[in-house]
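So the chains spell out like this:
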Amino acid sequence: MTRTSNRTYWAAGTAVLLALLFAVAATVASASGGGGDGSRTPGRAPGLYSPDAGFARDMAVHHQQAVEMSFIVRDRTKDEPVRGLAYDIANTQANQRGMLLGWLDLWGLPKVVADEPPMSWMGTADQHGGHGTAGHDMAGHDMGGAAAKPGALMPGMATKEELAQLGAAEGRDAEVLYLQLMTDHHKGGVAMAQGCAQQCETPAERALAQGMVEAQQSELTLMADMLKQRGAAPRG
């Protein structure tokens with residue numbers, strides 16, 4: 001791995017670590033009812049269809065697939081840079097997923113809502129803790145060009161066929177496909193996290209979302225470099 005790639009990857013890891021530490025501290029504070037200045041202020045949990053809750057549910061699912069893909073490629077190649085990247089992505093996103101699900105528990109909200117279409121919170125969802133209505137329209141919200149492809153649940157997510165293809169590949173083929181799939185995955189994740197950074201009202205969740213944006217953008221640069229080293233490029 002080049003010196004530039006090492007610096008980029010270090011920056012990505014640092015951004016995620018800082019976001020995780022801030023999120024943990026803020027979650028403990030909110031759970032105890034304390035404000036940032038030590039005061040105790042009455043808080044209101046986000047509503048069922050709020051951006052805060054919708055992002056937590058959707059990103060938990062989005063992250064789970066990233067963890068799955070990372071474990072798949074770990075067993076399909078002996079390339080240490082790719083295995084190292086996969087390990088760190090799996091570890092980071094599993095930890096973040098735990099935080100998101102923990103917030104839902106803290107708010108007394110379900111982890112799955114049957115009548116809530118994926119990404120509906122990025123449309124006209126109530127941003128002030130209310131319940132809103134299901135099936136919000138995503139039209140008009142800037143997704144940064146990210147869109148769910150046929151067979152995928154959310155923007156950037158791989159299809160079952162692509163996951164099967166990754167599981168059948170070996171060596172360089174597995175490395176390239178993983179980096180391409182994870183590049184798409186990160187692009188979708190960045191768009192989602194930007195939506196929460198703009199719309200979510202919970203300070204700790206906004207901070208975590210912004211940390212995801214910065215870290216995944218750095219990892220996109222790193223993965224483009226790793227693809228180039230393998231004579232490939234991101235898809236699309």
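Cut-off values and rules
Residues numbered from 1 in each chain as written. Predicted model: local features only at pLDDT ≥ 70, side-chain atom pairs only at ≥ 80, totals over all residues. Heavy atoms only, no water. Helix = DSSP H or I, 4+ residues; strand = E, 2+ residues; numbered from the N terminus. Buried < 20%, exposed > 50% of the residue type's maximum accessible area, 1.4 Å probe, protein only. Contact = heavy atoms within 4.5 Å. Areas by Shrake-Rupley, 256 points an atom, 1.4 Å probe, with all protein chains shown as cover. Core = buried A, V, L, I, M, F, W, Y, C linked by side-chain atoms within 4.5 Å. Axes fitted to C-alpha atoms, helices over the stretch in contact; angles between N-to-C directions. Left-handed = near helix turned anticlockwise from the far one by under 90°. Nonpolar A, V, L, I, M, F, W, Y, C, P; charged D, E, K, R; others polar. Salt bridge = Lys/Arg side-chain N within 4 Å of Asp/Glu carboxyl O. Phe/Tyr/Trp six-rings, centres within 6.5 Å; stacked < 30°, edge-to-face > 60°.

Caption draft 1: View of the overall build of the protein. Summing up its helical and strand segments, the protein has 6 helices and 0 strands in all. When the helices and strands of the protein are listed from N to C terminus, the series reads α-α-α-α-α-α. When the 236 residues of the protein are sorted by exposure, 49% land in the buried category. Across the protein, the fraction of contacts at a sequence separation of at least 24, relative to all contacts at a separation of at least 6, is 78%. Accessible surface, the protein as shown: approximately 11100 Å² in total, 55% of it carbon and sulfur.

Caption draft 2: Region of interest: the nonpolar core. Within the largest apolar cluster, 31 residues are counted, with the highest numbers of intra-cluster contacts made by F55, M59, L100, L104, M192, A193 and M212. Elements with a contribution of two residues or more to this core: helix 2 (51-74), helix 3 (80-107), helix 5 (171-199) and helix 6 (203-229). The biggest single contributor to this core is helix 3, with 6 residues. If sequence neighbours within four positions are ignored, M192 has contacts with F55, D58, M59, H62, M119, W121, M122 and M154. By size, the runner-up hydrophobic cluster in this structure holds 25 residues, among which are M69, V176, L181 and M223.

Caption draft 3: Region of interest: the environment of F71. Within the secondary structure layout, F71 lies in helix 2. Overall, F71 belongs to the partly exposed group, its relative accessible area being 41%. Each C-alpha atom, one on F71 and one on A90, is 7.3 Å from the other, the two residues being 19 residues apart in sequence.

Caption draft 4: Layout of the packing of helix 2 against helix 6. Interhelical geometry of helix 2 versus helix 6 gives an angle of 40° and a closest axis separation of 11 Å. Crossing geometry of helix 2 relative to helix 6 is assigned as left-handed. Here D52, F55, A56, M59 and H63 of helix 2 lie close against helix 6, whose contacting residues are E205, A209, M212 and Q216. Residues that form the contact of helix 2 with helix 6 fall into these classes: 5 nonpolar, 2 polar and 2 charged.

Caption draft 5: Representation of the pattern of salt bridges. Under the defined criterion, the tally for this structure stands at 11 salt bridges. With a closest N to O distance of 2.8 Å, K149 and E162 form a salt bridge. With K149 in the loop between helix 3 and helix 4 (160-168) and E162 in helix 4, this pair connects stretches of sequence that are 13 residues apart. By relative accessible area, which is 26% here, K149 ends up partly exposed. Looking at E162, the relative accessible area reads 12%, which means it is buried. Between E162 and R235 there is a salt bridge, and its shortest N-O distance comes to 3.3 Å. Of this pair, E162 sits in helix 4 while R235 sits in the segment after helix 6; the two residues are 73 residues apart in sequence, bridging distant segments of the chain.

Caption draft 6: Seen up close, the packing of aromatic side chains. The full count for this structure, using the stated rule, is 2 aromatic pairs. Considering the side-chain rings of F55 and W121, the 5.6 Å spacing of their centres and the 80° angle between planes classify their relative orientation as edge-to-face. Separated by 66 residues along the polypeptide, F55 in helix 2 and W121 in the loop between helix 3 and helix 4 bring together distant segments of the chain. With a relative accessible area of 0%, F55 lands in the buried category. Ring geometry for W103 versus W107: centroids 6.4 Å apart, planes at 10°, classification stacked. With W103 and W107 both in helix 3 and 4 residues apart, this pair spans about one turn of that helix. Take W103 and W107: they sit in the same class, and that class is buried.

Caption draft 7: Examining the side chain of H185 more closely. Assignment of secondary structure puts H185 in helix 5. The exposure class of H185 is buried, given its relative accessible area of 1%. If we skip the residues at most four places from it in the chain, H185 touches H62, Q65, A66, M69, G156 and M157.

Caption draft 8: Examining unusual backbone geometry more closely. Of note, the phi angle at M119 is positive, near 70°, even though the residue is not glycine. Structurally, M119 can be placed in the loop between helix 3 and helix 4.

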